[in-house]
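If you want the building blocks of each chain, they are given just below.
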Amino acid sequence: MSSSTAPEKNTGRLPWMIRALSVVERVGNALPHPFWLFWILAGILAVISAVLAGADSSVVSPKSGKEVHVQNLLSGEGVAMAMSTMVKNFASFPPMATIVVVIMGVAVSERTGFLSAVMRVSISRVPAGLVVFSVAFAGTVSHLASAAAYAILVPLGGMAFKAVGKSPILGIVVAYTSIASGYDASPIPTPNDTIFAGITTAAAHIVDENASVSPVSNWYFNIASSLLLALVITLVTTTILAKRDDLEEDDAATGATTTLHLSRLETRGLILASGTVVLLLAVVIAAVIPSGSPLRGDGGSLADSPFLDGIAALVGFLFMVGGMVYGRVLGVINAPKDIPPMMAEGVRQFAPTLVMFFAIAQFLQYFDWTHLGDVIAVGASQLLDQSNIPVTLIFLLVFALLSVVNVIITSGSAMWSIMAPVLVPMLMLLDVPADTTQAIFRIADSGSTSISPMSPYFVMALGFLQQYRKKAGIGTLAAYTLPLAICMTLAWVVLFFLWWWLGIPLGPGAPVK
């Protein structure tokens, strides 16, 4: 990545956008780290709870049917609760244990090069006419590697386009936008699915203590979304972006140095590793198919079954096995003792998120204990119900709210932790399943990410772009990504409403209505 060239503002391009992005950048930079943000929110929550408790605010709880009063977090009882439950809150935070299990498996695949090999082969062996779709679809699948997807696929996108005679600048843009603005549309369950499901489940417990949202609750919707977004990217790129007159790279451009094509040894490792994963997956599916399978729930149900309860562990295991086989063939893994350090490194890189989880877990517990969630959810749902606002309009309002918040708070887990305790129970009281609210969040969490300078990956993508055009700045990248981000978001919203109107399940055991 070029570090000598400071990003220029390119005020000649889309000046209104540059001004808007500058405002977003200043506001976002003024926000504290998410860890401190949640403690600040907890302080605000405490003050509000004291005021409402003093006013004896209460509602009839949808969970118990009894009247509940707002409890004062600043009272002696509140302080005692906060002190005594701190460790328990963190230990029982829904996403924490499951995400660590998934991360350990993904880490083995990433560090042996298995994930990189999968991405490279997915975009290197396609006809020139399909390279745009191939890179775009690979972008939605690449979320398996979490944040590493940007470092792996974005430079490969530039190389893939250049290899077939297209602009590498366009390849960088397509790869980055497909990852950023399609981040929550992976057709294969990812670590993010586990995090979001845990947060949604915790929020749903405000209304129904038996509610459960699994990591695959939006799986069917995600599969359709990834295909749709790849098609939209292909259409917009070929009909609009490809016709721009500023796609030529600099004469002295360096580009990426990684080769697209796999060596004979890498190909052999990929075939053996992929074959092993597919074989294991087939065995699991065969074990789940019989109606009397022990992996099914009561009455042969898949909706509430050991299979779905353990889906996160299964995903982590498959990644680990694929990485182990690939690493063994390439000599990266020579003995079983080589594997635990890889898993530990994956968890170590995830440590900043675990630190943030500690603050989030406390905030959610305080929110639940004060009963502010009941008051806000019941009050807002009653107001919306009495006003006879169509549920589709409510969806649009929720989507708009989340989209605005996403531009400033680019961490999906942080944003959802703030918004889910209000939106999920509120919509549940309007007979909208928690899984459906989470699907709306996915769209809002992804759409504007590729144009937000608050995202650290925006700067990373700009660095890769500067390898082909040294004078590229924030405005350059934003101008390229804006048409894609807008069209992707609009198409995704339309898909959601079609899904809703047709009543198609969002995932296994997850009805949309």
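About the thresholds
Residues numbered from 1 in each chain as written. Predicted model: local features only at pLDDT ≥ 70, side-chain atom pairs only at ≥ 80, totals over all residues. Heavy atoms only, no water. Helix = DSSP H or I, 4+ residues; strand = E, 2+ residues; numbered from the N terminus. Buried < 20%, exposed > 50% of the residue type's maximum accessible area, 1.4 Å probe, protein only. Salt bridge = Lys/Arg side-chain N within 4 Å of Asp/Glu carboxyl O. Phe/Tyr/Trp six-rings, centres within 6.5 Å; stacked < 30°, edge-to-face > 60°. Lys NZ or Arg CZ within 6 Å of the ring centre and 35° of its normal.

Draft legend 1. Focus on unusual backbone geometry. With a phi close to 55°, D56 is a non-glycine residue in the positive phi region. The residue D56 is located in the loop between α2 (34-54) and β1 (58-60) in this model. At D431, a position not held by glycine, the phi torsion is positive, near 65°. Along the polypeptide, D431 turns up in the loop between α19 (412-428) and α20 (434-447). Using a relative accessible area of 64% as the deciding quantity, one classes D431 as exposed.

Draft legend 2. Focus on the pattern of salt bridges. Going through the model one piece at a time under the given rule, you end up with four salt bridges. Here E110 and R111 are joined by a salt bridge, their closest N and O atoms 3.6 Å apart. Residue K337 pairs with D338 through a salt bridge whose shortest N-O separation is 3.6 Å. For K337, a relative accessible area of 63% puts it in the exposed group.

Draft legend 3. Seen up close, the packing of aromatic side chains. Applying the stated criterion across every chain yields a total of 18 aromatic pairs. Ring geometry for F133 and F137: centres 6.1 Å apart, planes at 5°, overall stacked. Residue F133 and its partner F137 are both found in helix α7 (residues 131-141); the two are separated by four residues, about one turn of the helix. For the ring pair F363 and F367, a centre distance of 6.0 Å and an interplane angle of 40° mean the geometry is tilted. Taken together, the positions of F363 and F367, both in helix α16 (residues 351-370) and four residues apart, correspond to about one turn of that helix. Pair check on accessibility: F363 and F367 agree, each one buried. Ring-pair connections join several aromatic residues into one group, and the members of that group are F221, F395, F496, F497, W499, W500 and W501. One residue, K513, lies across the ring of W500, its end atom 5.1 Å from the ring centre.

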